[in-house]
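Here is how the chains run, residue by residue.
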Amino acid sequence: MKFKEKLLEAAQTNKSWLCVGLDPDLNKLPGPVEKSVEGIEIFLKNIIDTTKDLVCAYKPNSAFYEQFGAEGITLLKEVITYIPDNIPVILDAKRGDIGNTSRMYAITAFESLGADAITVHPYMGIDSVGPFIDYEDKGVFILCLTSNPSSGDFQKQVLDSANIFYKLVAQTSLEWNKNDNIGLVVGATKPGELKDIRKLIGQDIPLLIPGIGAQGGDLQESLKSGANANGQLAIINASRSVLYASVEQDYPDKSRDEAFNLVSAMRSILNLK
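Bear in mind that the values here come from a model prediction, so they are computed numbers and not experimental data.

*Asks:* Which parts of the structure should I look at to understand the pairing of strand 3 (residues 90–95)?
*Replies:* Two faces belong to every sheet, and in a regular strand the side chains alternate between them. Across three bridges, the pairing between strand 3 and strand 4 (residues 117–120) is parallel. Within the sheet, the bridge partner assigned to Leu91 lies in strand 4 and is Ile118. The handedness of the strand 3 to strand 4 crossover, carried by helix 5 (residues 99–112), is right-handed.

Right under this line is the structure:
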C-alpha cells in the first residue's frame, strides 16, 4: 500500500487528521517515569496505546533518539515497530545531501527503520530529494514554510515580483512529484501562506502542519487553510501538548484526553462523522 493510501485509510478509520509527535525529552518526562532509555520506551508505548485510535499518523523526530547513541537508534526502531501497522509513521529527520548520501539516508529510514514517510529539505535540489522519491510507496515531506521564528531568513525571500522562495519550493515539488508521493511541511503559525500554498499545489498533496499547541498555531485556521476541498490531507501535528499533558502517574489518560480534545475539535471543524 502506498503512503497516501495508508494515510487516508487511517484518517477515515479514526475520523482524525491528528499526528502525534513522539519526541522523548528526559527533562519533560512525568515524575513516575524512569529517566532512562528503558523508561522512555515504556512511556512512549503507553502514549501509543492510549492514542492509537485517535491519530492518522505518528511522527518520531530522530534527533530525540540519536542523542542516546546506539541505544537510541534501537529505541527508535522499537517504537516504529510497536506502532500498529495501519497507522503510518513519518520519520522527522529533515535529511538531504548529495545523491549517494541521500540514498543511504533513504535506505536507513525506509528499509532499516521501517518508516512510511520522511521529512527532507530541498536546498540541494533533486539530486538530494530524488533517492527518497524513488521509493514509490513511501511519502516524502519537503520543508516548504516552517513554523520556527527565523524561517523567513530564507523561506520568505522575494525572488522577483511574482515569486517568493517558499512558493518556488512548492512549485518545484509539483514538478518532482512523478510518483505522487510528495507532501509539504507548512507551519501552523503561517495560516495565510498555508492557504496560498494549498491553492498553489491543488487538492492531492498532503500537508504536514506542525506548530499547533506549544508553538501557538490555531487549529481552526490551519485546518480550513490546509485541508483540500474534501476536508482531507491537512495533517495536524501535536507533540509536547499531547506527550507531556501530565507530570503524574495519570499521564497516559491525560495524553489521551488532550488528543481526544484536539480530534473532537477537528471533527467539528471538518464535519467528520
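*Asks:* Help me out: how do you make sense of the nonpolar core in this one?
*Replies:* One broad trend across soluble globular proteins is that nonpolar side chains are buried collectively. Within the largest apolar cluster, 86 residues are counted, with the highest numbers of intra-cluster contacts made by Trp17, Leu18, Leu22, Phe43, Ile142, Leu184 and Ile197. Considering every element that reaches this core, the biggest residue donor is helix 12 (residues 251–270), with seven residues. The residues contacting Leu22, other than those within four sequence positions of it, are Leu44, Ile47, Ile48, Tyr58, Lys59, Pro60, Asn61, Tyr65, Val79, Ile83 and Leu243.

*Asks:* Help me understand the sheet that holds strand 2 (residues 57–60), please; the structure alone is not making it clear to me.
*Replies:* The pairing of strands in a sheet comes from backbone hydrogen bonds and takes either a parallel or an antiparallel form. Judged by pairing direction, the sheet is parallel, and its eight strands sit side by side in the order 2-1-10-9-8-5-4-3 without closing on themselves. Lying at the two open borders of the sheet, with one neighbouring strand each, are strand 2 and strand 3. Across the sheet, the mean angle separating the axes of adjacent strands is 30° when strand polarity is ignored. Sheet contacts for helix 9 (residues 191–201): strand 5 (139–145), strand 8 (182–186) and strand 9 (207–209); angle to strand 9, the most-contacted strand, approximately 170°. Docked against the sheet, helix 10 (residues 219–226) engages strand 9 and strand 10 (234–238), running at close to 155° with respect to strand 10.

*Asks:* Just to check I follow, could you spell out the environment of Gln232 for this structure?
*Replies:* Here Gln232 is to be found in the loop between helix 10 and strand 10. Under the relative-accessibility criterion, Gln232 is labelled partly exposed at 30%. Discounting chain neighbours no more than four positions away, the residues touching Gln232 are Leu8, Trp17, Arg198 and Ala227.

Reading guide: rules and limits
Residues numbered from 1 in each chain as written. Predicted model: local features only at pLDDT ≥ 70, side-chain atom pairs only at ≥ 80, totals over all residues. Heavy atoms only, no water. Pairing = 2+ DSSP bridges. Helix = DSSP H or I, 4+ residues; strand = E, 2+ residues; numbered from the N terminus. Right-handed = clockwise from strand over helix to strand, strands pointing away. Core = buried A, V, L, I, M, F, W, Y, C linked by side-chain atoms within 4.5 Å. Buried < 20%, exposed > 50% of the residue type's maximum accessible area, 1.4 Å probe, protein only. Contact = heavy atoms within 4.5 Å. Axes fitted to C-alpha atoms, helices over the stretch in contact; angles between N-to-C directions.

These results come straight from atomic positions and should not be treated as a statement about function.
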